[in-house]
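# Coordinates in review
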Amino acid sequence: MSMSVGSDSGDEDQVMSEINTTPLVDIMLVLLIIFLITSPVVLKLQKIDLPIEANQALQTKPENVNIVVNKDGEIYLGQTKLKDTNELFDYLKVEAVKVPQPEVHVRGDQETRYESIGRVIYTTQRAGIQKVGFITEPPDKG
């Protein structure tokens, strides 16, 4: 009398190599529903007063770099018109190595396309300028 382990026919059972993801999907759906129901409750627990942002006037220093972009997308460095962003890059590359590094102030016309301002900001980033700010008009007090 011998004792055998396995199937009666002597064939090996095949191992199931597929992962059943149905329980995982069920659990994820239940968690999603729970988070959707509880998130509005959690977000409304605490009432806080956020600080009101005030625009402060900036003191312009002589060492600051002022870049003007008019409504046609033309770039001016102070009063000098630049041919393209490569000329601006060459100037900013020299300014970027100064210690302390000067701030760059960008004045863009209200009608200027975002693309023109974006090229100027990208050029300052490529040149290694750390501080870039936008100059705007203060809002009316009325």
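Right above here is the structure, for reference.
As the structure is a prediction and not an experimental result, all values here were calculated from the model. (Residues numbered from 1 in each chain as written. Predicted model: local features only at pLDDT ≥ 70, side-chain atom pairs only at ≥ 80, totals over all residues. Heavy atoms only, no water.)

This part covers helix α3 (residues 114-127). Three- or four-residue spacings in an α-helix give side chains the same orientation, since the helix completes a turn every 3.6 residues. A rise of 1.5 Å per residue sets the reference length of α3, with its 14 residues, at 20 Å; its end C-alpha atoms lie 20 Å apart and thus fit the reference within 8%. Considered for burial, the residues of α3 that qualify are S116, I117, V120, T123, T124 and A127. Along the axis of α3, the buried positions cluster into a sector of 120 degrees, meaning they face one direction only. Exposed positions of α3 whose direction lies more than 90 degrees from the buried face are Y114 and Q125. Turning to α3, the residues buried within the fold contact β1 (65-69), β2 (75-77), α2 (85-96), β4 (104-108) and β5 (132-134). Among the residues trailing α3, G128 stands out with phi positive, at a value near 95 degrees. (Helix = DSSP H or I, 4+ residues; strand = E, 2+ residues; numbered from the N terminus. Expected span 1.5 Å × (residues − 1). Buried < 20%, exposed > 50% of the residue type's maximum accessible area, 1.4 Å probe, protein only. Arc of directions from axis to C-beta. Contact = heavy atoms within 4.5 Å.)

Attention now moves to the pairing of β4. Note that β1 and β4 share 5 bridges and pair parallel. Across the sheet, residue N66 finds its bridge partner in β4, namely H105. In this structure, β4 lies alongside β5, joined through 3 bridges in parallel fashion. The residue of β5 that forms the bridge with V106 is F134. In this fold, the crossover linking β4 to β5 by way of α3 has right-handed handedness. (Pairing = 2+ DSSP bridges. Right-handed = clockwise from strand over helix to strand, strands pointing away.)

Moving on, we come to the packing of aromatic side chains. Note on aromatic pairs: each is described by the distance of the centres and the angle between the planes. Tallied over the full model, the rule gives 0 aromatic pairs. The cationic tip of R126 hangs over the ring face of F89; the distance from NZ or CZ to the ring centre is 4.3 Å. (Phe/Tyr/Trp six-rings, centres within 6.5 Å; stacked < 30°, edge-to-face > 60°. Lys NZ or Arg CZ within 6 Å of the ring centre and 35° of its normal.)

Moving on, we come to a nonpolar patch on the surface. There is a patch of nonpolar side chains on the surface, built from L24, I27, M28, V30, L31, I34 and F35 and spanning about 690 Å² of accessible area. Along the chain, I27 turns up in helix α1 (residues 22-43). (Patch = residues over 30% accessible without salt bridge, like charges linked within 9 Å, V, L, I, M, F, W, Y side chains within 5 Å. Areas by Shrake-Rupley, 256 points an atom, 1.4 Å probe, with all protein chains shown as cover. Salt bridge = Lys/Arg side-chain N within 4 Å of Asp/Glu carboxyl O.)

Under the defined criterion, the tally for this structure stands at 4 salt bridges. In this structure, K81 engages E74 in a salt bridge whose closest nitrogen and oxygen atoms are separated by 3.3 Å. Judged by its relative accessible area of 46%, K81 falls in the partly exposed class. What emerges from the salt-bridge pattern is a single network uniting R113, E115 and R119.

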